[in-house]
Amino acid sequence: MSLDFLAGFTIFMLALIMVVSMVPGLLAGLESSGIDYDAVAYRTGVILVEDPGWPVYPPWEMNDLAHKGEIERIGLAVSKETPNILLSTKVKKFFEEGFFDQSDYRNKAIFGDIPYSYNISLNISHPDGSYELKRTGDPLPPGYGYIRRVVKIKEPAVAVIGSDSRYNDTTLNSSILRTFTVQLNFNELLDPERGPAYRIDPRTEPVNVTITDFGAYLPANDEATLQSVTFWKMDPTRPIPQFTRIPFSYDTEDSDLYILLLDEESCNLKPEKEVANTISLVLKPAATSLFTLDQNSILDIRFVFDDSPDPQRTTLNGTYLYDYDNVPLSPLKPGVLEVAIW
Amino acid sequence: MACMNEDGQWIVLMGLLTALGLFFLALIINQSALVGQTTAEGVLEFPKNDIRDLRSEIFDVYDSYGTLHAQGRLGDVEEDIIRISLERKNAVVHFGNDTPQDVSGRDLHPVTIHYNNGVTEYDEIVYY
Amino acid sequence: MVNDSGQLYTMEGVAAGVIMLLTAYIVISTTSIYTPGDTHIPDMQLEQLGSDVLAMMDTPDREGGTSQLVGFVKNGTETCGGNDLRNEFLTNCKMRAGDEDTKLRAQVYLSYRRTDGTVNTTPLSLPDPEFTGRENAVRVTRWVQLDGILPGIPDIEHSSRPRAVLVEVLLWRA
């Protein structure tokens, strides 16, 4: 080889080395791996916190395990007008163990083609100062994309009926059946003037009725027999409105539809059992959706007490209106939703 | 010159190849740089929270429309929002309402909202 | 070997070097314009967090109730409502699963319009001693509607007209 070739090749190599040494400088700004993950975490946070999910009505959280496929998008917000206000029933379903699996979270909340790993947690602050942490996903590795959203959680209202003279009918003939009715007027409850964050909506939230002091309605006895709990509906827009009994599987116990507790003991809606202290009924939205109610319907929940052929033992009788005057709304609870993606 | 030795041209070829490689690398880097930038910056740039806040404030004003109108203070509050928006948020805002209309059984005011902060312009007519 | 092809290898080497260096120069001068994308991410996260907290503080817990935020602003600086506002704001910001995110700092300002049309901005909380002004802070705001006299806020006219004021919070990570 000649000196000429050596000189030429050296110049070439020197230039090549200079160019190669410039390349890492070119890539310097790109070394952060958090870029993409933060964006995905932000997007997931927005979907969870600002969106009620799809389908909206009937809400997605009403689907059971068999109909999980019908859920297209998981969102926790009460409605699209109320970002950051989450519905407790949606939250419960979202974090329910064994309901959603990894691929559901990926396809219905995180989206995207890449199977991201995730850790989603919600820390709820209770008024008594305690915290309740709900979490799903894998433990956090270093270097994940992250977003934190501050939220409020709407809990369902609970109608607590204590000792109340309005429902204590002592003048009634002792042979007549005692009927205690809890009446829900959907037209009043779903009044559009009321913001969705402060609404009692039996279509999305459970209806809670608790008679705490049943003993006060037992003037001379220790207990009385609750014969049945039945549901009746009326459509006031019809020409001759009247209550009709809703066909329902009253004698099968199904905790997905309702929970009836007599003195803390679970039973079906035809208990024919004696009760001494408390009666508590939780009517889940899954049951309400079977009743085919619209925004004008009136729903009656009738508790019938019957001790015949003996004289009636309870004096509980009358109609309790499940409305904004009688049922106190639970205050919104603050919470923090964190989404980590990697 | 006719019998020029062309053995050395492979060195130029190598140089050209390196140059081409660099160009493609640069193209790819340019594309990937866009990803991180548009998501985080796009979120910052679009004043979602500002617009939401403004809307809820305007709805609050029209919630107390009756009292404000009776006191003759509606203009004051409107002026507050317009002036402070311009001064502190660099946003041109104006809004107003019209005679109530019947929308599916309810009397609702059509409320017009205009927002422009130089980057994002937002116009809305909402029945409230 | 003394002919005019003597320097050809050197010439080709120089040509190749010039081509590569020129390309590298052009490539670097065109791609290094952008700022690295991830500097905006902490800003985005902080801004979202601050906006969320202000929005939630402005949401009453019950229908028709007054929000926390209005309560704090109404109390003004005189009874240190501004400091309470900052503390409550920071408590909400710091809350997360596990231990608190203690590095957050905030400063609260209030903007209002005076009768002569000027907009005045006044600090509502006591200044943070560690604040230098060079922090990478984000500003989040929330509109608040007030009624009645506001004794604690300096320079505001003491008429009881209903007014809209802007609560501004500067939020940064120490």
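About the cut-offs
Per chain, residues are indexed from 1 in the order of the written sequence. For this description, chains carry letters from A and ligands carry numbers from 1, given in the order in which they are written. In keeping with the model being predicted, local features are shown solely for residues with a pLDDT of at least 70 and side-chain atom pairs are shown and tallied solely at 80 or more, while totals for entire chains, interfaces and linings include all residues. Derived side-chain values reflect all non-hydrogen atoms in the structure, with water molecules and hydrogen atoms excluded from consideration. Secondary structure elements follow DSSP: runs of H or I of four or more residues count as helices, runs of E of two or more count as strands, with numbering from the N terminus. Partly exposed residues are those whose accessible area sits between 20% and 50% of the maximum for their type, while under 20% is buried and over 50% is exposed, using a 1.4 Å probe and protein chains only. Whether two residues touch is decided by their heavy atoms; if any such pair falls within 4.5 Å, the residues are in contact. Each accessible area is a Shrake-Rupley result for a 1.4 Å probe, and residues are judged covered by the shown protein chains and nothing else. Buried area: the sum, over both parts, of the accessible surface (1.4 Å probe) that disappears when the two are put together. Only one rule defines a salt bridge in this text: a Lys or Arg side-chain nitrogen within 4 Å of an Asp or Glu carboxyl oxygen. Polar contacts, as counted here, are pairs of nitrogen or oxygen atoms within 3.5 Å of one another; within protein the pair requires one atom able to donate a hydrogen and one able to accept it, and residues that are adjacent in sequence qualify only if both atoms are side-chain atoms. Throughout, nonpolar core names a set of buried Ala, Val, Leu, Ile, Met, Phe, Trp, Tyr and Cys residues whose side chains join them through atoms within 4.5 Å. These domain boundaries are the output of an automatic or database domain assignment. Between any two strands, pairing holds if DSSP finds at least two bridges. Only C-alpha atoms enter the line fits that serve as axes; for helices the fit covers just the stretch in contact. Angles between N-to-C directions range over 0 to 180 degrees.

### Observations concerning the overall build of chain B
- Each helix and strand counted, chain B has 4 helices and 5 strands in total.
- Secondary structure elements of chain B occur, N-terminal to C-terminal, as α-α-α-α-β-β-β-β-β.
- Split into buried and exposed, the 128 residues of chain B put 36% on the buried side.
- For chain B, long-range pairs separated by at least 24 residues make up 38% of all intrachain contacts whose partners lie at least 6 apart in sequence.
- A total of about 7,400 Å² of accessible surface is found on chain B, and carbon and sulfur atoms cover 56% of it.

### Points about the interface of chain A and chain C
- If you look at the interface, chain A gives 46 residues, while chain C gives 40 residues.
- Summed over both sides, the interface of chain A with chain C buries roughly 3,600 Å², with 65% coming from carbon and sulfur.
- Connecting chain A to chain C are 3 salt bridges.
- Among the salt bridges present, the one from Arg148 of chain A reaches Asp101 of chain C, with a minimum N-O distance of 2.4 Å.
- Scanning the region where chain A abuts chain C turns up 18 residue pairs in polar contact (both at pLDDT 80 or more).
- Residue assignment for the side of chain A that touches chain C shows that the elements contributing at least two residues are α1 (3-27), α2 (34-50), β2 (118-125), β3 (131-137), β4 (145-154) and β16 (333-341) of chain A.
- Among the elements that take part in the side of chain A that touches chain C, α1 of chain A stands out by supplying 12 residues, more than any other.

### Some remarks on the side chain of Asp76 of chain B
- If you trace the backbone, Asp76 of chain B turns up in helix α4 (residues 74-89).
- In this structure Asp76 of chain B touches Arg113 and Arg161 of chain C, once residues within four positions along its chain are discounted.

### Remarks on the nonpolar core
- Judged by nonpolar contacts, the single largest core of 85 residues is most densely connected at Phe180, Phe214, Phe231, Ile301, Phe303 and Tyr322 of chain A together with Phe89 of chain C.
- The biggest single contributor to this core is helix α2 (residues 40-57) of chain C, with 7 residues.
- With near-sequence residues (within four places) excluded, Phe89 of chain C lies in contact with Gly50, Val53, Leu54, Met57, Ala106, Val140, Val169 and Leu171 of chain C.
- Of all hydrophobic cores here, the second largest spans 32 residues; its members include Ala41, Trp60, Ile110 and Ile120 of chain A.

### Structural notes on the interface of chain B and chain C
- Between chain B and chain C, the contact holds 48 residues from the first and 43 residues from the second.
- When the buried surface of chain B facing chain C is broken down by residue, Leu44, Ile84 and Arg88 of chain B rank first, second and third, together holding 16% of it.
- If you look at where chain B meets chain C, you find 4 salt bridges.
- For the salt bridge of Arg113 of chain C with Asp80 of chain B, the shortest nitrogen-to-oxygen distance reads 2.7 Å.
- Inspection of the region where chain B meets chain C yields 12 residue pairs in polar contact (both at pLDDT 80 or more).
- Listed by contribution, the elements that provide at least two residues to the side of chain B that touches chain C are α1 (9-45), α2 (48-63), α3 (65-71) and α4 of chain B.

### A closer look at the domain arrangement of chain B
- Domain assignment breaks chain B into domain 1 (10-45) and domain 2 (47-127).
- The gap between the C-alpha centroids of domain 1 of chain B and domain 2 of chain B is 46 Å.

### With respect to the sheet that holds strand β5 (residues 121-127) of chain B
Residue and element names in this part refer to chain B.
- Spatial ordering of the open sheet is given by β1-β4-β5, a layout of 3 strands whose pairing is antiparallel. Each end of this open sheet is capped by a strand with a single partner; those strands are β1 (92-97) and β5. For this sheet the average axis-to-axis angle between neighbouring strands, irrespective of direction, equals 5 degrees.
- In the sheet, β1 pairs with strand β4 (residues 110-116) via 6 bridges, with the strands oriented antiparallel.

### What to know about the pairing of β16 of chain A
Residues and elements named next belong to chain A.
- Of all 9 residues in β16, 8 are buried, a share of seventy percent or more.
- Two elements, β2 and β16, share 7 bridges in a ladder whose sense is antiparallel. Its bridge partner lying in β16, Ile124 is registered against Gly335.
- Two strands pair when backbone bridges link them, and β4 and β16 are joined in this way by 9 bridges, in the antiparallel orientation. Across the sheet, the residue bridging to Tyr146 is Ala340, located in β16.

### With respect to the environment of Tyr116 of chain A
Residues and elements named next belong to chain A.
- By secondary structure assignment, the location of Tyr116 is in the loop between α4 (102-110) and β2.
- For Tyr116, a relative accessible area of 7% translates into the label buried.
- Sequence separation between Tyr116 and Ala340 is 224 residues, and the spatial gap between their C-alpha atoms is 9.9 Å.

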